Amino acid sequence: MKNVFIFTSMLLISLNSYAAPPTFEILIKDHLFYPDELIIPANTKVKLLVKNQDATPEEFESYELNREKVIPGNTQAIIFIGPLSPGVYPFFGEFFPKTAQGKIIAEEEGK
Amino acid sequence: MKSIRLYLLMILVATLILVMFVSLLKGYQSSIETAQGLFDERLVNTAELIASAHVAQTTSDSAQRPTSDYLFFQIWDANGQLLTRSDTAPHIALSRFEKGFYDVNFNGFRWHNYVYPDPLSERWIIVGERSDVRSSMAEDIVLATILPAFFGIVIAAIFIWWLIGTGLKPLKNLSRQLASKQADDLRPIELADLPKEMNQLVKIINQLFWRLDQSFQREQRFAADAAHELRTPISALQIHLHNLRKTYGDNSEDWQVMQAAVNRMSHLVNQILMLYRTAPEQIAKKAESIDLYKLASDVIARDYQQFEKRQQHIELIGKSSTIYGHFFALETLLQNLLSNASKYAPTKGHIVIHVHPTEKGVRLTVEDDGPGIPPDQYERIFDRFYRYQNENSDLQLPGCGLGLAIVQHIIEMHHAEIKLSNSTFASGLKVVIDFPAALRK
Amino acid sequence: MLLNSVILVLREVLEAAMVVSLFMAFTTVSQQSRYFLLKAIFLGLVAGGFYAYFLPEISNWLEGIGQEITNTMIHLGIFLLLTGFLWLISSNIVLPNRLVKAVMMGAIILAISRESAEIMLYISGFRSDHFLMQSVLSGSLIGLGIGVSCGIFLYHLMIALKPAAATKFICVLVVIVGGSMMSQATQFLIQADWLTSTEPVWDSSHIISEHSLPGQLLYALMAYEATPTWSQIVVYLTSLALMILVIISARFLQGQPKYD
């Protein structure tokens with residue numbers, strides 16, 4: 001059984017990190033996301049570089065993207081997202097959800 | 001130990017919190033939605049108001065209009081030119097020119113905007129409100145209604161604690177009454193205002209007490225009566241045996257065996273009578289100060305013949321030690337212990353008795369150099385009619401197996417403790433009894 | 001702010017409360033002292049403090065995915081300890097066996113450390129803001145109270161059962177929690193890009209939204225995802241199967257089932 005598990009895990013671990021995914025930057029300042037609307041290409045893996053310029057920690061969270069990551073104050077974090085089908089994916093800062101809101105819009109290229 | 005009170009409190013408060021939380025959360029969500037709806041309506045109204053007020057005005061001055069920090073407006077013409085704005089408003093359009101609500105970042109805050117195209121003047125009115133202020137206003141309104149509920153839980157918890165306490169009071173009373181009962185007190189329990197749930201319980205307990213009392217009395221009466229009734233025929237038997245032997249002058253072995261059997265029967269009956277005479281309820285009221293050392297020397301002196309017959313060496317060590325107890329019972333105890341020691345000690349054997357005061361009372365020790373008893377038998381030898389038979393010795397000792405049961409009885413009566421171990425001789429039994437100085441009531 | 005704190009703390013506490021109350025119930029059913037569990041809770045809080053304190057550095061490990069990998073390890077660790085627990089009790093090795101105790105303590109320490117680290121980071125963010133701190137603290141306390149209430153409820157639910165049924169029920173819940181741990185671990189590996197991200201297999205957010213209360217409860221219980229990926233589903237089902245297999249084989253090797 002364990003072998004099956006390891007085998008499955010190996011199947012799932014990808015080796016596709018050769019092609020560097022496009023990077024997008026999101027700033028956190030005053031518990032706000034800049035930009036609060038990020039347009040990314042659909043069906044492509046994307047690397048988000050989230051820079052927290054506040055002194056307080058923030059947690060980048062999105063139910064639609066299935067992502068959660070704590071970003072301590074004055075640090076930056078990398079979050080991989082996608083490939084996403086075209087659509088709107090809201091995200092928010094779990095520690096300051098009233099103001100830290102934003103959405104990622106996945107658009108097909110050429111549109 | 002599990003406390004019913006704590007259990008009930010925990011489970012009730014936990015239930016209360018869970019049920020209240022779910023309903024409060026639902027209430028909170030819908031209240032917040034209603035509040036946000038109201039705020040949105042207000043924004044729309046403000047936009048329309050501004051539109052109607054500015055219909056005539058066409059100036060593009062950005063006059064310093066006093067507005068609060070968390071509200072702004074902009075008026076744009078159809079060509080995308082900013083006509084006027086409040087001093088908190090930005091110079092640029094924050095969102096698309098399309099009727100509706102938008103959320104944008106500006107000036108370090110999140111703003112909830114309403115974009116309103118005024119059909120009359122063909123202008124765009126944009127009114128913005130700070131999201132965090134909106135939220136905290138909405139939250140203040142909702143919290144004002146919800147917070148009392150949380151204090152309510154704390155108050156409810158205190159009440160629940162107190163009420164469970166009162167509810168469990170009959171149970172507490174019952175257990176207190178049971179705990180304070182003397183071992184021999186078999187009177188029924190009487191509780192005022194008995195709740196329905198406990199009625200059956202108390203009834204059954206009282207029934208049990210009654211039946212226990214009845215069977216105690218029956219057993220006692222029966223054994224005592226039987227023993228008492230047997231004494232007369234046995235005495236008669238002894239006298240007639242004696243007379244018969246005199247008449248026939250025969251001293252054959254048959255006579256001796258018969259004599260021994262009759263003596264044993266007499267001893268047994270006496271012991272049974274003693275056992276019931278020393279029962280707690282028989283002599284509970286007659287405790288007095290007794291010098292155990294003096295009592296021991298008296299008993300030795302009286303039974304000296306017994307030791308002398310087998311040339312046994314008996315020694316009493318110690319000093320005057322007073323305990324509070326029952327004279328007759330303690331005398332019986334010493335008699336039984338000494339006769340046991342003498343019985344098991346060999347001819348020319350040794351018996352040593354120590355009596356001396358200790359920190360908590362008085363310690364009595366009886367040692368012999370007989371065969372002793374293996375430790376796994378220590379528990380059993382106090383059983384009635386149990387006699388330990390050493391497999392290696394075929395010597396048949398007289399006795400009925402009641403001696404140590406009587407000793408145990410007397411020890412319990414005096415709240416004393418008995419311990420058995422190997423004696424300091426090469427072999428033999430050591431009996432240590434610790435008496436408390438005062439007899440506990 | 002108050003409600004945010006309630007929800008945030010509750011979400012974190014629920015998961016740890018579940019593991020703790022499961023084990024509490026197990027010790028009660030086994031008629032053992034619960035003292036060692038309290039020790040584990042305390043150690044978990046200490047570990048959480050360390051995790052929160054060193055999080056900035058941990059985040060920088062492995063080119064910025066240290067946090068995901070640490071979380072994966074924690075979740076994997078809990079899963080392995082839970083599986084070990086199942087193996088032990090299915091082999092009739094019960095409390096007060098030291099290994100069983102160690103496994104239980106380990107799982108509690110790991111579960112509490114991650115959840116408490118997030119709460120501590122969250123609250124520490126309001127250090128300088130005394131006004132907000134007040135509502136954050138009271139919100140956190142309320143959230144904690146509700147989470148603990150859920151735990152107490154679950155605990156009493158389990159000990160109200162007959163011992164054999166309770167042990168069975170505990171095993172079932174341990175399997176569910178274990179699966180949830182592996183599902184979350186997979187999620188973190190996807191986020192760290194160690195596993196390929198694929199299209200969600202389904203989208204059940206219109207039935208139970210992850211934003212809703214049932215969604216949150218289901219998330220705490222079994223890592224409910226409205227939009228799971230293939231890898232998550234495969235890992236989830238595999239780990240469930242693995243744990244059930246462990247129970248069955250341990251009982252088979254033992255030869256005599258503990259209950260039935």
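As the structure is a computational prediction, the values presented were derived from the model and not from experiment.

**A few points about the pattern of salt bridges**
All names here are of chain B. Under the defined criterion, the tally for this structure stands at 14 salt bridges over all chains. In this structure, the salt-bridge partner of Glu 129 is Arg 134, at a minimum N-O distance of 3.1 Å. For the pair Glu 129 and Arg 134, one class covers both residues: buried. Glu 331 is the partner of Arg 302 in a salt bridge, and the nearest nitrogen-oxygen pair spans 2.5 Å. One end of the pair, Arg 302, is in helix H7 (residues 292–302); the other, Glu 331, is in helix H9 (residues 327–344), and 29 residues separate them in sequence. Look at the salt bridges and you will find they share partners, linking Asp 40, Arg 42, Glu 129 and Arg 134 into a network.

**Things to note about the sheet that holds strand E3 (residues 100–106) of chain B**
All names here are of chain B. Pairing is antiparallel across the open sheet formed by 5 strands, whose spatial order is E2-E1-E5-E4-E3. Each having just a single partner strand, strand E2 (82–85) and E3 make up the two edges of the open sheet. Each adjacent strand pair in this sheet contributes to an overall mean axis angle of 25°, direction not counted. Pairing of strand E1 (residues 71–76) with E2 involves 3 bridges; the strand directions are antiparallel. Its bridge partner being in E2, Trp 76 is matched across the sheet by Leu 82. Sheet strands in contact with helix H1 (residues 4–53) are E1, E3, strand E4 (109–118) and strand E5 (123–130), and its direction is about 140° off that of E5.

**Remarks on the domain arrangement of chain B**
Residues and elements named next belong to chain B. Looking at the assigned domains, one finds that chain B contains domain 1 (4–56 + 64–162), domain 2 (196–274) and domain 3 (285–436). The gap between the C-alpha centroids of domain 2 and domain 3 is 24 Å. Counting from both sides, the interface comprises 7 residues of domain 2 and, opposite them, 10 residues of domain 3. Summed over both partners, the interface of domain 2 with domain 3 buries about 680 Å², with 70% contributed by carbon and sulfur atoms.

**A few points about the packing of aromatic side chains**
A complete count under the given rule lists 18 aromatic pairs over all chains for this structure. Taken together, a centroid distance of 6.1 Å and an interplanar angle of 75° make the contact between A:Phe33 and A:Phe60 edge-to-face. Residue A:Phe33 is found in strand E2 (residues 32–34), and its partner A:Phe60 is found in strand E5 (residues 58–62); the two are separated by 27 residues along the sequence. Ring centres 4.8 Å apart and planes at 35° place the aromatic pair B:Phe101 and B:Tyr114 in the tilted group. Linking B:Phe101 in strand E3 with B:Tyr114 in strand E4, this pair joins segments that are 13 residues apart in sequence. Ring-pair connections join several aromatic residues into one group, and the members of that group are A:Phe95, A:Phe96, C:Tyr122 and C:Phe126. Its guanidinium or amino end placed over the ring of B:Phe109, B:Arg130 lies 3.6 Å from that ring's centre, counting from NZ or CZ. Lying over the aromatic face of C:Phe36, C:Lys101 brings its terminal NZ or CZ to 5.1 Å of the ring centre.

**Considerations on the environment of A:Glu25**
Residue and element names in this part refer to chain A. Structurally, the position occupied by Glu 25 is in strand E1 (residues 23–29). On a C-alpha basis, the gap between Glu 25 and Leu 48 in space is 5.8 Å, while along the polypeptide they are 23 residues apart. Excluding its chain neighbours within four sequence positions, the residues that come into contact with Glu 25 are Tyr 34, Pro 35, Leu 49 and Lys 51.

**What to know about the pairing of E3(B)**
Residue and element names in this part refer to chain B. The buried count for E3 comes to 5 of 7 residues, which makes it a mostly enclosed element. Both E3 and E4 contribute to a ladder of 7 bridges, which runs antiparallel. In the sheet register, Phe 101 faces E4, and the bridge partner there is Tyr 114. With antiparallel pairing between neighbouring strands as the criterion, E3 and E4 make up a hairpin whose turn holds 2 residues, including Asn 107 at a positive phi of roughly 60°.

**A look at the interface of chain B and chain A**
By a frequent convention, interface size equals the accessible area lost on bringing the separate parts together. Contacts between chain B and chain A engage 10 residues on the former and 8 residues on the latter. Buried surface at the junction of chain B and chain A, summed over both partners, amounts to about 740 Å²; 47% is from carbon and sulfur atoms. When the buried area of chain B at its contact with chain A is split by residue, B:Asn105, B:Gly108 and B:Arg110 rank highest and sum to 64% of it. For A:Lys98, the salt bridge goes to B:Glu139, with nearest N and O atoms at 3.8 Å. One can count 3 residue pairs in polar contact (both at pLDDT 80 or more) joining chain B with chain A. Looking at the side of chain B that touches chain A, the elements with two or more residues in it are E3, E4 and helix H2 (131–167) of chain B. Counting residues per element, the side of chain B that touches chain A draws most heavily on H2(B), which supplies 4 residues.

About the cut-offs
- Residues numbered from 1 in each chain as written.
- Chains lettered and ligands numbered in written order.
- Predicted model: local features only at pLDDT ≥ 70, side-chain atom pairs only at ≥ 80, totals over all residues.
- Heavy atoms only, no water.
- Salt bridge = Lys/Arg side-chain N within 4 Å of Asp/Glu carboxyl O.
- Buried < 20%, exposed > 50% of the residue type's maximum accessible area, 1.4 Å probe, protein only.
- Helix = DSSP H or I, 4+ residues; strand = E, 2+ residues; numbered from the N terminus.
- Pairing = 2+ DSSP bridges.
- Axes fitted to C-alpha atoms, helices over the stretch in contact; angles between N-to-C directions.
- Contact = heavy atoms within 4.5 Å.
- Domains from an automatic or database assignment.
- Buried area = accessible area lost by both parts, 1.4 Å probe.
- Phe/Tyr/Trp six-rings, centres within 6.5 Å; stacked < 30°, edge-to-face > 60°.
- Lys NZ or Arg CZ within 6 Å of the ring centre and 35° of its normal.
- Polar contact = N/O pair within 3.5 Å; in protein donor to acceptor, adjacent residues only side chain to side chain.

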